Amino acid sequence: MEIYEGKRIENRGDIFILLMEGQNFLENFKIEEGKEIQKAIENSNFKGKEGEFKVAFIDKIKANLFLIGLGREEKLTLENFKTIISNYLLKTGPVFNLFLNPKFLRIEEKNSFPVAIFNISILDYKFQEFLREKSKEKEVFIFKPANISEKPFKEILEKNKALKKGVFLARDFGNYPASSFSTNNIIEKIKKIGKEFNWKINVFNEKKLKSLKLPGIVNVGKASENSPVLVEINSSERTEKVLIGKGVIFDSGGLSIKTAEGMENMKYDKCGAGVALGALYALSIMKKNKGLTVYLPLVENLISHRSFKPGDILMYPNGESVEVLSTDAEGRLIMADCLLLATRKKPSFIVSIATLTGAMKFSLG
């Protein structure tokens, strides 16, 4: 959803108000049409109880008013909130006005207002690359609560735009099928985005990785006709923080092949790389990417006469050796290459992001 700052209610669509029990609309929002809205709320006998939903029409401003109850403040969780907004906001017209309480979610935030806006803004995400008819995002005009001043409110909306772009990039990255998203396609996309922010992009091909004695990416990806690579993105001169995102573009399991059902969604094994790239993108938009380096190991774990095999032993440059028991445990091998390179830069911290192995279901439920 495209989020804009609401100033005045005109003929721009319906009005949605999310209220908690005992909340007074006029106390929270100071707008010209406030008295008409409060009168309509009182006439509808709306109490704001959880799940309560009422509709009214405000004749003076010719607008439909939808009242959504959130219940008591101490009981409202982020999950409840997301369920409520998806039940109602996804079913609206293309444009609507929204009034949102500035602080109500029971989460560890001093001000949960930005969290609420963020969850609304990503509500109608769709992967549309291969659709004949593409739908537009809904337009939402969010009105500033009375207890938030103008500058912080605008900053919240600007930050939200950046976060939303990062999330949408990460989701698109994951949703692309492997047939349309080779290593070369991904590198081109990264370079196109990076031009805007002057990212320094290094691509370590198979030859370079072998010269660095990094065995993970080369061995996992060597069965594919699309050469395995490691993409290093430096967003500034000095590396202080590192993000590593697992980018297995498709994971068949290799010679330790998955079942047909287990393989169906394996285009999503590149989601870790999508998250790392999306995070860098959002931070770059907000100009908070200083000192951040991102590593994206990009491989396809397939089967051919070149496949690495169970029983193979890989030697890493730090002296560690790894015996391959299952070629479907490829993620840790490619992430190890990145971790070795990252530690040489002596960053203050490293965050590695990967899709979970299926065995974690048995371990953690």
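See above for the structure.
What you are looking at is a predicted structure, and each value in this text was computed from that prediction instead of being measured.

**Q** I'm lost on unusual backbone geometry in this one. Help?
**A** Phi is mostly negative for residues that are not glycine, and the peptide bonds are mostly trans. Unlike most non-glycine residues, Asn 45 shows phi in positive territory, near 60°. One non-glycine residue with positive phi stands out, namely Lys 62, at about 50°. If you trace the backbone, Lys 62 turns up in the loop between β3 (53–58) and β4 (63–69). A residue is classified by how much of its surface remains accessible, and Lys 62, at 53% relative accessible area, is exposed.

**Q** I tried to follow the packing of aromatic side chains on my own but got confused; where do I start?
**A** The description of an aromatic ring pair rests on the distance of the ring centres and on the angle between the ring planes. Summed over the entire model, instances satisfying the criterion amount to 18 aromatic pairs. Measuring from centroid to centroid gives 6.1 Å for Phe 53 and Phe 66, while their planes differ by 15°, and the two rings are stacked. Separated by 13 residues along the polypeptide, Phe 53 in strand β3 and Phe 66 in strand β4 bring together distant segments of the chain. Assessed through its relative accessible area of 34%, Phe 53 is described here as partly exposed. Judged by relative accessible area, Phe 66 falls into the buried class, the value being 16%. When the centroid spacing of 4.4 Å and the interplanar angle of 15° are considered together, the rings of Phe 99 and Phe 143 count as stacked. Taken together, the residues Phe 99 in strand β5 (residues 95–100) and Phe 143 in strand β6 (residues 139–143) connect sequence positions 44 residues apart. Phe 143 carries the same exposure label as Phe 99, and that label is buried.

**Q** Can you help me understand the nonpolar core in this one?
**A** Nonpolar side chains in soluble globular proteins generally cluster together in the buried interior. Core analysis: the biggest nonpolar cluster contains 27 residues, and Leu 89, Leu 98 and Ile 120 have the highest contact counts within it. Of all the elements in the fold, those that place two or more residues in this core are β2 (14–19), β4, α3 (78–89), β5, α4 (113–121), β6 and α5 (150–175). With sequence-adjacent residues up to four places away left out, Ile 120 is seen in contact with Met 1, Ile 3, Phe 81, Ile 85, Leu 89, Leu 98 and Leu 100. Counting residues in hydrophobic clusters, the runner-up holds 25 residues, among them Ala 178, Ile 233, Leu 243 and Ala 273.

**Q** What is the right way to read α4 from this model?
**A** Note that an α-helix has 3.6 residues per turn; residues three or four places apart therefore point the same way. Along α4, seven of the nine residues are buried, which leaves the element largely enclosed by surrounding structure. Along α4, the positions that sit buried rather than exposed are Phe 113, Val 115, Ala 116, Ile 117, Asn 119, Ile 120 and Ser 121. Elements that come into contact with the buried residues of α4 comprise β1 (2–6), α3, β5, β6 and α5.

Cut-offs used in this document
- Residues numbered from 1 in each chain as written.
- Predicted model: local features only at pLDDT ≥ 70, side-chain atom pairs only at ≥ 80, totals over all residues.
- Heavy atoms only, no water.
- Helix = DSSP H or I, 4+ residues; strand = E, 2+ residues; numbered from the N terminus.
- Buried < 20%, exposed > 50% of the residue type's maximum accessible area, 1.4 Å probe, protein only.
- Phe/Tyr/Trp six-rings, centres within 6.5 Å; stacked < 30°, edge-to-face > 60°.
- Core = buried A, V, L, I, M, F, W, Y, C linked by side-chain atoms within 4.5 Å.
- Contact = heavy atoms within 4.5 Å.

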